[in-house]
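Each chain, written out:
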Amino acid sequence: MEIEISDLNIDPQAQRTLNERRAQAIADNIVPAAIGSIIVSQREDGSLYIVDGQHRWRACALCGMRTIRAEIHFGLTQAQEAMLFLIRNRESHKPRPIDEYHVGITGGVPLFVDTDRVLEKHSLSLGSTSANTIGAIAGVLNITDRYGAAILDRTLSVAEAAWGRSPDTWDGGLLGGIGMFLGRWGDLVDDKELGRKMLAMGPAYRWRSNIVSMSAVSGFGSRGTGPRVFTAYRLVADAWNKGRKAENRIEA
């Protein structure tokens, strides 16, 4: 049905961040007949919230249009709105990782909820990299997804034990390498000992430099984070094996 543009609202916990530049680009080339329908949720109090299509909605508003066609859903919870947003966008204009992360938490998706719980335990958040913020969103989620929240918890503890809290500590390649090592060999590893041995091999910034240079020499330096994660994994294994007898070493 047609809905008044001014009657629509946005819930930031169930939506990506509105990109005004993208909305203006749509408005500059808008074809009203090709806008299609946006997805809207009517909540119990009668208020209307956009689930999918906020950039088309904003573009229409910028063009001075009064109404927009909408597909309306009734009786959805906020979590269901978030899940519907993720489903509708997974094959189209994929949200930024940080937006998908926050919406996933609202939607109760275990991967995001479990990751958030571990980060909160360590007084960390996701965003721009700093001493208390991790920028490698996809890398952190990948650790939880592949090895479980317990391994992410141990990964963050080992990294902080080795290098303290700094932007270099939370490098995606380093965390990925530690997570891979613990995910594969965690039952054989004492985390405190691993942290001490990693520190003995140098600070985080030196590890990062070595990883970048070693990946470049192998010819894979510019092909994503995968090679850097594996290089970090090999260096973590080297740190663990240092000083150990051959029979007690882990073959990475």
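The following paragraphs examine the structure supplied in this document. All residue numbers refer to position in the chain's written sequence, counted from 1. Thresholds applied to this predicted model are a pLDDT of at least 70 for local features of residues and 80 or more for the giving and counting of side-chain atom pairs; totals over whole chains, interfaces and linings are not thresholded and use all residues. Only heavy atoms go into the side-chain values, all of them from the structure, while hydrogens and water stay out.

### Notes on the overall build of the protein chain
Move 1: Assigned secondary structure in the protein chain consists of 11 helices and 7 strands.
Move 2: With C-alpha atoms as the basis for the radius of gyration, the globule rule is written as 2.2 Å multiplied by the number of residues raised to the power 0.38. Against the compact-globule benchmark of 18 Å for 252 residues, the protein chain has a radius of gyration of 23 Å, which places it well outside the compact range.
Move 3: Projecting the C-alpha coordinates of the protein chain onto the three principal axes gives extents of approximately 75 × 35 × 25 Å.
Move 4: Taken across its 252 residues, the protein chain has 42% of its residues classed as buried.
Move 5: In the protein chain, the share of contacts with a sequence separation of at least 24, taken over all contacts with a separation of at least 6, comes to 70%.
Move 6: Positive and negative side-chain charges in the protein chain, numbering 30 and 29 respectively, have mean positions lying 8 Å apart. Secondary structure counts use DSSP, requiring at least four H or I residues in a row for a helix and at least two E residues in a row for a strand, with both numbered from the N terminus. For the exposure calls, accessible area comes from a 1.4 Å probe over protein chains only, and a residue counts as buried if that area is under 20% of its type's maximum, exposed if over 50%, partly exposed in between. Here, two residues are considered to be in contact whenever any of their heavy atoms come within 4.5 Å of each other. Asp and Glu are treated as the negative residues and Lys and Arg as the positive ones, with His and the ends of the chain left uncounted. Lysine's charge is taken at NZ, arginine's at CZ, aspartate's at CG and glutamate's at CD.

### Let's talk about the pattern of salt bridges
Move 1: When a carboxyl oxygen of Asp or Glu lies within 4 Å of a side-chain nitrogen of Lys or Arg, that pair is called a salt bridge. Counting across every chain of the model gives 13 salt bridges.
Move 2: The partner of Lys-197 in a salt bridge is Glu-193, with the nearest N and O atoms 3.8 Å apart. With Lys-197 and Glu-193 both in helix H9 (residues 191–200) and 4 residues apart, the pair spans about one turn of that helix.
Move 3: What makes Glu-193 partly exposed here is its relative accessible area of 23%.
Move 4: A cluster of three or more residues bridged by salt bridges with shared partners is formed by Asp-11, Arg-43 and Glu-81.

### Some points on the nonpolar core
Move 1: Residue types Ala, Val, Leu, Ile, Met, Phe, Trp, Tyr and Cys, when buried and joined through side-chain atoms within 4.5 Å, form a set referred to as a nonpolar core. Core analysis: the largest hydrophobic core is formed by 51 residues, its most contacted members being Ile-134, Leu-156, Trp-163, Phe-181, Leu-194 and Met-198.
Move 2: Sequence-distant contacts of Phe-181, defined by excluding residues within four places in its chain, comprise Gly-186, Val-189, Leu-194, Tyr-233, Val-236, Ala-237, Trp-240 and Ile-250.
Move 3: Ile-50, Trp-57, Ile-68 and Ala-70 belong to the second largest nonpolar core, which has 13 residues in total.

### Description of helix H7 (residues 149–163)
Move 1: Multiply 1.5 Å by the residue count of a helix minus one, and that product is the helix's expected span. Taking 1.5 Å of rise per residue, 15 residues should cover 21 Å, and H7 covers 21 Å from first to last C-alpha, within 8% of that figure.
Move 2: Looking at H7, one finds that the buried residues are Ala-149, Ile-151, Leu-152, Asp-153, Thr-155, Leu-156, Val-158, Ala-159, Ala-162 and Trp-163.
Move 3: Backbone geometry just after H7 places Gly-164 at a positive phi near 75 degrees.

### Observations regarding the packing of helix H8 (residues 172–185) against helix H11 (residues 226–241)
Move 1: Here H8 crosses H11 at 60 degrees, and the two axes come no closer than 7 Å. It follows from the interaxial angle that H8 and H11 lie oblique. When you trace H8 past H11, the crossing you get is right-handed. For the pair H8 and H11, the contacting residues are Gly-172, Gly-173, Leu-174, Gly-176, Gly-177, Ile-178, Met-180, Phe-181, Arg-184 and Trp-185 in the first and Arg-228, Val-229, Phe-230, Ala-232, Tyr-233, Val-236, Ala-237 and Trp-240 in the second.
Move 2: For the contact of H8 with H11, a count of residues per class yields 12 nonpolar, 4 polar and 2 charged. Interaxial angle, 0 to 180 degrees, is taken between N-to-C directions of lines fitted to C-alpha atoms, where a helix line uses only the stretch in contact. Roughly parallel covers angles under 35 degrees, roughly antiparallel covers those over 145, roughly perpendicular covers 65 to 115, and oblique covers all other angles. The handedness criterion is simple: a crossing whose near helix is rotated anticlockwise from the far helix by less than a right angle is left-handed, and one whose near helix is rotated clockwise is right-handed. Residues were grouped as follows: Ala, Val, Leu, Ile, Met, Phe, Trp, Tyr, Cys and Pro as nonpolar; Asp, Glu, Lys and Arg as charged; and all remaining residues, including Gly, as polar.

### Topic: the sheet that holds strand E2 (residues 8–9)
Backbone hydrogen bonds hold the strands of a sheet together, and the pairing may be parallel or antiparallel.
Move 1: Being paired, for any two strands, means DSSP has found at least two bridges between them. In space, the 5 strands of this open sheet follow the order E1-E5-E3-E4-E2, with mixed pairing throughout. For this open sheet the edge positions go to strand E1 (2–4) and E2, each flanked by a neighbour on one side alone.
Move 2: Examined bridge by bridge, strand E3 (residues 38–42) and strand E4 (residues 48–52) share 4 bridges and lie antiparallel to one another. In the strand pairing of E4, Val-40 is matched with Ile-50.
Move 3: Those strands touched by helix H3 (residues 78–89) are E3, E4 and strand E5 (67–74), and its axis lies near 35 degrees from that of E4.

### Comments concerning the pairing of E4
Move 1: A large share of E4 lies buried, amounting to 5 of its 5 residues.
Move 2: With 2 bridges joining them, E2 and E4 adopt parallel strand pairing. Following the sheet pairing, Leu-8 is matched in E4 by Leu-48.
Move 3: In textbook terms, the turn of a hairpin is the stretch between consecutive antiparallel strands, and for E3 and E4 this stretch comprises 5 residues, one of which, Gly-46, has a positive phi near 90 degrees.

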